[in-house]
Amino acid sequence: MANAVHHVNCGTMCPAGGRWLGDPQAGWGRGKMVAHCLLVETERDGLVVVDTGFGSRQVDGRDPIERMFKVLGAPILDPSETVAARVRALGFSAKDVRHIVVTHLDFDHAGGIGDFPEATIHVHAREHAAAMARSSWKERSRYAPALWAHGPKWQVYSEDGDTWRGLPAITKLRGVEADIGLLPMHGHSRGHSAVLVKAEDEWLVHAGDAYFHHHTLNGEPVPKGFVAFEAMVQMDGPQRRASAAALRELHERYEDVRVFCSHDPSELPA
Ligand SMILES: [Zn+2]
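Quick caveat: nothing in here was measured; it's all calculated off a predicted structure.

J.: Please explain the overall build of the protein chain as it appears in this structure.
T.: A count of helices and strands for the protein chain gives eight helices and twelve strands. Here the C-alpha atoms of the protein chain give a radius of gyration of 17 Å, agreeing with the 18 Å that 2.2 N^0.38 yields for 270 residues. When its C-alpha atoms are laid out on the principal axes, the protein chain stretches across 50 × 45 × 40 Å. Considering the protein chain as a whole, with its 270 residues, one finds that 47% of them fall into the buried category. Nonlocal contacts in the protein chain, meaning residues at least 24 apart in sequence, comprise 66% of its contacts between residues at least 6 apart.

J.: Help me out: how do you make sense of the pairing of strand S5 (residues 120-124) in this one?
T.: For a regular strand, side chains alternate in direction, first toward one face of the sheet and then toward the other. Along S5, four of the five residues are buried, which leaves the element largely enclosed by surrounding structure. Sheet topology note: the strand S4 (residues 99-101)/S5 ladder contains three bridges and is parallel. When the sheet's bridge partners are listed, Ile-100 is paired in S5 with Ile-121. Sheet analysis places S5 next to strand S6 (residues 153-157), joined by five bridges and oriented parallel. Note on S6: the bridge partner recorded for Val-123 is Val-156.

J.: Mind showing me how you'd approach the sheet that holds S4 here?
T.: Within a sheet, each strand pairs with its neighbour through backbone hydrogen bonds, oriented either parallel or antiparallel. Pairing is mixed across the open sheet formed by six strands, whose spatial order is S1-S2-S3-S4-S5-S6. What marks the edges here is a single partner per strand, and that holds for strand S1 (4-9) and S6. The average undirected angle you get between the axes of adjacent strands in this sheet is 25°. Helix H4 (residues 125-133) contacts S5 and S6 of the sheet and is inclined by roughly 100° relative to S5.

J.: Looking at this model, I keep getting lost on the nonpolar core. Mind explaining?
T.: Grouped burial of nonpolar side chains is what soluble globular proteins tend to show. Judged by nonpolar contacts, the single largest core of 68 residues is most densely connected at Val-40, Ile-180, Ala-207 and Leu-247. In this view, Ile-180 contacts Val-40, Val-48, Val-101, Leu-173, Val-195, Leu-196 and Val-197; residues no more than four positions away in its chain are not counted.

J.: So what exactly am I meant to see when it comes to the sheet that holds strand S9 (residues 180-184) here?
T.: Taking strand neighbours across the sheet as the criterion, the four strands line up as S9-S10-S11-S12 in an open arrangement whose pairing is mixed. Edge strands, defined here as strands with exactly one partner in the open sheet, are S9 and strand S12 (257-260). The mean inter-strand angle of the sheet, taken between neighbouring strand axes irrespective of direction, is 25°. Bridge count between strand S10 (residues 193-198) and strand S11 (residues 203-206): four bridges; the pairing is antiparallel. By the bridge assignment, Val-197 is partnered in S11 with Leu-204.

J.: Sorry if this is basic, but what is going on with unusual backbone geometry here?
T.: Most peptide bonds take the trans form, and the phi angle of most residues other than glycine is negative. The backbone of Leu-77 shows a phi angle near 55°, a positive value even though the residue is not glycine. Looking at the element boundaries, Leu-77 is found in the loop between helix H2 (67-73) and helix H3 (83-89). Its identity is not glycine, yet Arg-165 carries a phi of approximately 50°, on the positive side. Structurally, Arg-165 is set in the loop between strand S7 (163-164) and strand S8 (167-168). Given 16 C-beta atoms within a 10 Å radius, Arg-165 is considered partly exposed.

J.: Help me understand helix H7 (residues 224-233), please; the structure alone is not making it clear to me.
T.: Each α-helix winds once per 3.6 residues, and so residues spaced three or four apart point in a common direction. All buried positions along H7 are accounted for by Gly-225, Phe-226, Phe-229 and Glu-230. For H7, the buried positions fall inside an angular range of 125° around the axis, keeping them on one side. Turned more than 90 degrees off the buried face of H7, the exposed positions are Ala-228, Ala-231 and Met-232. The inward-facing, buried residues of H7 contact helix H8 (237-253).

J.: What should I look at first to understand H8 in this one?
T.: Taking 1.5 Å of rise per residue, 17 residues should cover 24 Å, and H8 covers 24 Å from first to last C-alpha, within 8% of that figure. Of all the residues in H8, the buried ones are Arg-240, Ser-243, Ala-244, Ala-246, Leu-247 and Leu-250. For H8, the arc enclosing every buried residue in end-on projection is 160°, short of the 170-degree limit, so these residues lie on one face. Across H8 from its buried face, at more than 90 degrees, point the exposed residues Gly-237, Pro-238, Ala-245, Glu-252 and Arg-253. Next to the buried residues of H8 lie S8, S11, helix H6 (215-218), H7 and S12.

Each value, and the rule that gives it
Residues numbered from 1 in each chain as written. Predicted model: local features only at pLDDT ≥ 70, side-chain atom pairs only at ≥ 80, totals over all residues. Helix = DSSP H or I, 4+ residues; strand = E, 2+ residues; numbered from the N terminus. Rg over C-alpha atoms; globule rule 2.2 N^0.38 Å. Buried ≥ 20, exposed ≤ 12 C-beta atoms within 10 Å, placed from the backbone. Contact = placed C-beta atoms within 7 Å. Pairing = 2+ DSSP bridges. Axes fitted to C-alpha atoms, helices over the stretch in contact; angles between N-to-C directions. Core = buried A, V, L, I, M, F, W, Y, C linked by C-beta atoms within 7 Å. Arc of directions from axis to C-beta. Expected span 1.5 Å × (residues − 1).

This is the structure we're talking about:
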């Protein structure tokens, strides 16, 4: 059964050095990035949220946002852009959200999970373990324990021999009937995964932060600012490059597969 999918932006950012991010119009001023999230209307599982951008507790300052990121990424933190506000705008309530699937647990992707304290959070096991352990300097800055201080129900997954289009995948989430799954795309963080969603006549592949600019998919040069940023925040370079190559191949090979990432505004349908 196909799902009805809404694409929403749950966090506008205006990073410095727009031109280095592929926006010649921005000159040396600020560019624009989004936090591309999905609200998936399913037949039996309520409204499933894919990635949560910034949450209302971050917008009003109760939950932290990493200091360096605040300066460089310059998030706008607009209350009307939180995933909770997007859910309400569609006519649903927070209680309708029983399942959240996240590409990874960075503070700009897991920011909104506290807005749905009853929801089960589905994530790759390696990502969950990394976020709980915070065992390196990089991981202490990217993972904010305040975001899961409410003690959400977690469902974690590892590759188990299942495949999708030839790639290792988790195609069945526990307690979810809808066609939604995880496609491990590690490297940006240890357990980073794309999220698969069956829509009307295509498969959506929400690639999270596996890449940052649409040129990654067509092989054109990626703006220098993103190349530097991807290398700076990655946990495993070879894995990250292999993930990007796998996504590019999906994009090239299959007509019925639509790949997009979290932060490229040109990939967010109007
Ligand atoms: Zn991100």
